[in-house]
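# Overview (structure and organization)
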Amino acid sequence: MNFVDNEDNFLLSKKVNLGLDLQGGSYLLLEVDSQPVVKQKLQNKLISLRKVLKEMKIKYKNLKIKNETINFQLSTNDKERFEDFFLNKENLINSYYDQYRSYEMDYSIIDTSDSSTTNILLMIKYSKFGLIQIKNSILDQSLEIVRRRVDEVGTKEPTIIRRGNDRILIELPGLDDPNRIKKLLGKTANLTFRLVTENEDTFGSEMLPYEDSENKLNISKRVLLSGDNLTNAKPALDNQSGDAVVSFTFDRVGAKKFGRATTDNVGRRVAIILDNKIISAPTIREPILGGNGQITGNFTFQSATDLALLLRSGALPAPLNIIEERTVGPDLGEDSIKAGTISLMIGFLLVIIYMLFKYKRLGIIADLALITNLILLIGILTILEATLTLPGIAGIILTVGMAVDANVLIFERIKEEMKIEKSSIHAFDIGYKKAQSAILDANITTLISAIILFFLGSGPVKGFAITLGIGILTTLFCAYFFARHLSSIYVMRNKDKKIII
Amino acid sequence: MIFKISNDIKFSHFYRKLNILSLILILLSIITILFKGLNLGVDFKGGTLIEIRTENSITSIAEIRESFLKMNLGDVTVKRFGNENDYLVKIETVKSDDENFIKSINDKLSTDLGSDINFRRVENVGPKVSKELLRAGILAITLSLAAMLFYIWIRFEWQFSLGAIIALVHDVIITVGIFSFLSYEVNLSIVAAVLTIVGYSMNDTVVIFDRIRENLKKYAKISIAEISDLSTNQTLSRTLITSVTTLLALFSIYIFGGAILKGFSFAMILGVIVGTYSSIFIATPVLNYTNVSQKTILKEDKKNI
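### Some remarks on the overall build of chain B
When helices and strands are tallied, chain B shows 10 helices and 6 strands. Radius of gyration (C-alpha) of chain B: 24 Å, far over the 19 Å computed for a compact globule of 305 residues. Along the first, second and third principal axes, the C-alpha atoms of chain B reach 80 × 45 × 30 Å. Residues counted as buried form 48% of the 305 residues belonging to chain B. Nonlocal contacts in chain B, meaning residues at least 24 apart in sequence, comprise 77% of its contacts between residues at least 6 apart.

Written out as structure tokens, the structure reads:
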């Protein structure tokens, strides 16, 4: 039947996901360093502000950025005009976010007037929501680029998700040496083509080091072209030398710009700079008009492949820092699975034997309930596609130890009732009823712990909370629906005999 | 059972002596925690943890330590971990900015020891994250204590919640105190263990309280001390059986579950023992000290109607 088939598939297609601690793999937590972007944006604001102040014919003094705040002085007379402009919801400098009911920028005024002047000091900085907005947009872009880079390396089923407004969590199952990924993610991959210059004024040029040596060159600050204009990059072998190179293709705009720049500067050296380090600085022998080129450097084929990958995936808007890393090798994962399974089986057996020893025939009922409980627990974990971790296995074992508690409570109660009651059926009934409140109270308290742990715990510990929590629910179910049913059958069959617990 | 539990143990006779003992244990624990401190793992302190497996068994701890000393990484501890060729290295400095950090350690170590070194596990936690994890851990334990308090306050009278919470705090402080005394590492899984202990100890206490409440309703004239003894005796075999099955499971994890789960299961074993003890000898005596009687319970019933 079709229906049954589907149901089968539904169950078969689901599997228990093993956590990184069991299957091996890498967990990385990255934090976006938004500082440089905020600084850059503030710089842009300053430029637009200068323009606006000029247009409005407002006289200002000492316009500068200090401690991530734009400071400037203006006359008290202009204060109102400026505020009108600045708080106008349509103005181009200070956006208004309806959803937050907040402006992009906050400003404060300090009266600096004395006998000679009537100036005030205005201080403008990003508001809380302005910063959130920036961080969110950086994070969105970064997430996309991180995804491209990780995908290109080709690990199986990577998980890449955002955490809060400045973090990215990456899980790479099966990867036991995250060094390459870490290197790839550690680069913003900001590629620029800039001329090498003799002119050593600090305003228009800067000294930059080579990537692989201490040597430095004086590089013009003017960017001829950036990595944004690349459409493709791939590793290649140079026809003549046989060295590994990265060959690239510009888009149309880029090709035109590069053509013009190389035509104007034949004979000069152009530096190819990645994240403020010089990869190489070849001399322009002839104009490059086709929009194709290659980067030579001291590459191995691997490093050329990685650079090409970085250039293809684009530059990160801001640097990423790895703030947490956890890597488990596959052999340790295997060992953990083995140890977890063995301890589960032994713990399970010990409890089963102990219950048989304590309760004889009713022990069989408790044991059947325990087995059912374990099957249910694993089944639910599978259906929920929960992730099983090593502490999660510990949670299952612990559930095994604690699950019999419900039946113990009931059996002990029944034992007491048997002393008073003549009819064993009655004794069972009352026993179940009276044990109920203790069982509920007892399990709810453990459940509370599990829930708190689930929300505040992280990684493997969360797995523990899940198995413990679900274990409590299946335990209650088994004690009340399964064991009770079995014991009532048992009692009914033996109602005339004296039942010994 | 080999010995038969007589059904009339006078628990209440031991209350005072054992409470003084517990008080001393708690004070000792607090003093140890304050002065000796906790051996916080990389989760909470930041730093790098590396589990190493060496290929040849002649490698000694001293050689590994020597090699790390040459790398100038500040405080480094090396200890054996589980199997004979497995070692756990803890480096206190955090170097999250250098993506080659781990690889360079592996290279230097392999050269120094003259064989391939397998890094089975690497954990690198930055200072910001470790602070957050520590805060979350403390918050989780505090929250769970508060949640328990709240739950038992709804279900029982205030005397009961007082008793339960004192017992819980007792369990947590003594367990953490023993960890401090033995210099065992405290990491995320220990927090999980402490939370489970809180749940377990509460569970144990509630079962006895439940019976005390029931007996208080039944017998008006009997003193609370006798009610406590009666209820503890009635629930004693359950208390013991459940402790035994839980301990069976825990010892199985402790012995067979591998080195990673050792700390966790050890904390849990301590917690189950201390928690069982505290339900009988800490939580219940509080009801005696606060003079709980049938009136306390009936008042509550009236309130509920």
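Moving on from the model shown.
### Thoughts on the domain arrangement of chain A
When its domains are assigned, chain A resolves into domain 1 (35-131), domain 2 (186-325) and domain 3 (329-493). The C-alpha-based centres of domain 2 of chain A and domain 3 of chain A are spaced at 64 Å.

### Looking at the domain arrangement of chain B
Split by domain assignment, chain B resolves into domain 1 (11-40 + 129-304) and domain 2 (47-125). Between the C-alpha centres of domain 1 of chain B and domain 2 of chain B the distance comes to 40 Å.

### Describing the packing of helix α9 (residues 330-383) of chain A against helix α10 (residues 390-420) of chain A
All names here are of chain A. Taken N-terminus to C-terminus, the directions of α9 and α10 make an angle of 5°; their axes are 8 Å apart at the nearest point. By the angle between their directions, the pair α9 and α10 is classed as roughly parallel. Each residue belonging to the contact of α9 with α10 can be placed in one class, and the counts come to 19 nonpolar, 8 polar and no charged.

### A look at the sheet that holds strand β13 (residues 216-226) of chain A
Strand pairing in a sheet relies on backbone hydrogen bonds. The paired strands run either parallel or antiparallel. All names here are of chain A. A sheet is described by the order of its strands in space; here 5 strands give the open sequence β12-β13-β11-β16-β17, paired in antiparallel fashion. Every other strand in the sheet has two partners, leaving β12 (205-209) and β17 (277-280) as the edge strands with one partner each. The sheet shows a mean angle of 55° between the axes of neighbouring strands, direction not considered. In this sheet, strand β16 (residues 270-274) lies alongside strand β11 (residues 191-196) in antiparallel orientation, the contact comprising 5 bridges. Paired with Arg-194 across the two strands is Ala-271, which belongs to β16.

### Section: the environment of Gly469(A)
Residue and element names in this part refer to chain A. Relative to the assigned elements, Gly-469 resides in helix α12 (residues 460-493). Residue classification places Gly-469 among the partly exposed positions, given that 19 C-beta atoms sit within 10 Å. Along the backbone, Gly-469 and Lys-422 are 47 residues apart, and their C-alpha atoms lie at a distance of 39 Å. Here Gly-469 is in contact with Leu-447, Ala-450, Ile-451 and Phe-454, once residues within four sequence places are set aside.

### Some remarks on the interface of chain A and chain B
A common way to express how large an interface is: the accessible area buried when the components associate. Facing the 59 residues of chain A at the interface are 59 residues of chain B. Those elements that place two or more of their residues in the side of chain A that touches chain B are α6 (179-185), β19 (320-328), α9, α10, α11 (424-456) and α12 of chain A. The residue makeup of the side of chain A that touches chain B, split by class, is 31 nonpolar, 16 polar and 12 charged. Bridging between β19(A) and strand β5 (residues 117-125) of chain B involves 5 bridges; their strand directions are antiparallel.

### Considering the sheet that holds strand β4 (residues 86-91) of chain B
The 8 strands lie next to each other as β9(A)-β10(A)-β2(A)-β19(A)-β5(B)-β2(B)-β4(B)-β3(B), forming an open sheet whose pairing is antiparallel. Across the chains shown, the open sheet's two edge strands, defined by having one partner strand only, are β9 (159-163) of chain A together with β3 (76-80) of chain B. Ignoring which end each strand starts from, the neighbouring axes of this sheet average 20° apart. Alignment of β9(A) against strand β10 (residues 167-173) of chain A, held across 5 bridges, turns out to be antiparallel.

### Considerations on the nonpolar core
The nonpolar side chains of a soluble globular protein tend to be buried with one another. Among the nonpolar cores identified, the biggest contains 193 residues, and Leu453(A) and Val194(B) are the most heavily contacted of them. Residues contacting Leu453(A), with those up to four places away along its chain left out, are Val461(A), Phe464(A), Ala465(A), Ala140(B), Ala192(B) and Leu195(B). Leu49(A), Ile70(A), Phe72(A) and Leu74(A) belong to the second largest nonpolar core, which has 7 residues in total.

### With respect to the pairing of β19(A)
Here is the key point about a regular strand: its side chains alternate between the two faces of the sheet. All names here are of chain A. Most of β19 sits inside the fold, with 8 of its 9 residues counted as buried. In this sheet, β19 lies alongside strand β2 (residues 25-32) in antiparallel orientation, the contact comprising 8 bridges. By the bridge assignment for β19, Leu-30 is matched with Ile-322.

### Observations regarding α9(A)
All names here are of chain A. The end-to-end C-alpha separation of α9 is 25 Å, well short of the 80 Å expected for 54 residues at 1.5 Å each. Maximum bend of α9: about 140°, positioned at Tyr-359. The positive-phi residue at the C-terminal boundary of α9 is Glu-385, with phi of around 50°.

### Details of the packing of α12(A) against helix α7 (residues 188-218) of chain B
Put simply, α12(A) and α7(B) touch, their axes get as near as 9 Å, and they point 25° apart. Comparing their axes, α7(B) and α12(A) come out roughly parallel. In terms of crossing hand, the pair formed by α12(A) and α7(B) is right-handed. Residues Val461(A), Phe464(A) and Leu468(A) of α12(A) touch α7(B), and the partners they reach there are Leu188(B), Ser189(B), Ala192(B) and Thr196(B). Here the residues of the contact of α12(A) with α7(B) sort into 5 nonpolar, 2 polar and no charged.

### Some remarks on unusual backbone geometry
Residues and elements named next belong to chain A. One non-glycine residue with positive phi stands out, namely Asp-275, at about 45°. Tracing the sequence through the fold places Asp-275 in the loop between β16 and β17. At Lys-360, a position not held by glycine, the phi torsion is positive, near 50°. One can find Lys-360 in helix α9.

### Observations regarding the environment of Ser189(B)
Within the secondary structure, Ser189(B) sits in helix α7. The class of Ser189(B) is buried, set by 26 C-beta atoms lying within 10 Å. As for Ser189(B) and Ile260(B), which are separated by 71 residues in sequence, their C-alpha atoms are 9.4 Å apart. Those residues in contact with Ser189(B) that lie beyond four places of it in its chain are Pro391(A), Val461(A), Gly263(B) and Phe264(B).

### Observations regarding the environment of Asp441(A)
Counting through the fold element by element, Asp441(A) comes out in helix α11. You can call Asp441(A) buried: it has 20 C-beta atoms within 10 Å. For the pair Asp441(A) and Leu332(A), spaced 109 residues apart in sequence, the C-alpha to C-alpha distance is 39 Å. For Asp441(A), the contacting residues outside a window of four places in its chain are Arg155(B), Val206(B) and Asp210(B).

Here is what the cut-offs are and how they apply
Residues numbered from 1 in each chain as written. Chains lettered and ligands numbered in written order. Predicted model: local features only at pLDDT ≥ 70, side-chain atom pairs only at ≥ 80, totals over all residues. Helix = DSSP H or I, 4+ residues; strand = E, 2+ residues; numbered from the N terminus. Rg over C-alpha atoms; globule rule 2.2 N^0.38 Å. Buried ≥ 20, exposed ≤ 12 C-beta atoms within 10 Å, placed from the backbone. Contact = placed C-beta atoms within 7 Å. Domains from an automatic or database assignment. Axes fitted to C-alpha atoms, helices over the stretch in contact; angles between N-to-C directions. Parallel < 35°, antiparallel > 145°, perpendicular 65-115°, else oblique. Nonpolar A, V, L, I, M, F, W, Y, C, P; charged D, E, K, R; others polar. Pairing = 2+ DSSP bridges. Core = buried A, V, L, I, M, F, W, Y, C linked by C-beta atoms within 7 Å. Expected span 1.5 Å × (residues − 1). Bend = angle between axes of the 7 residues up to and from the residue. Left-handed = near helix turned anticlockwise from the far one by under 90°.

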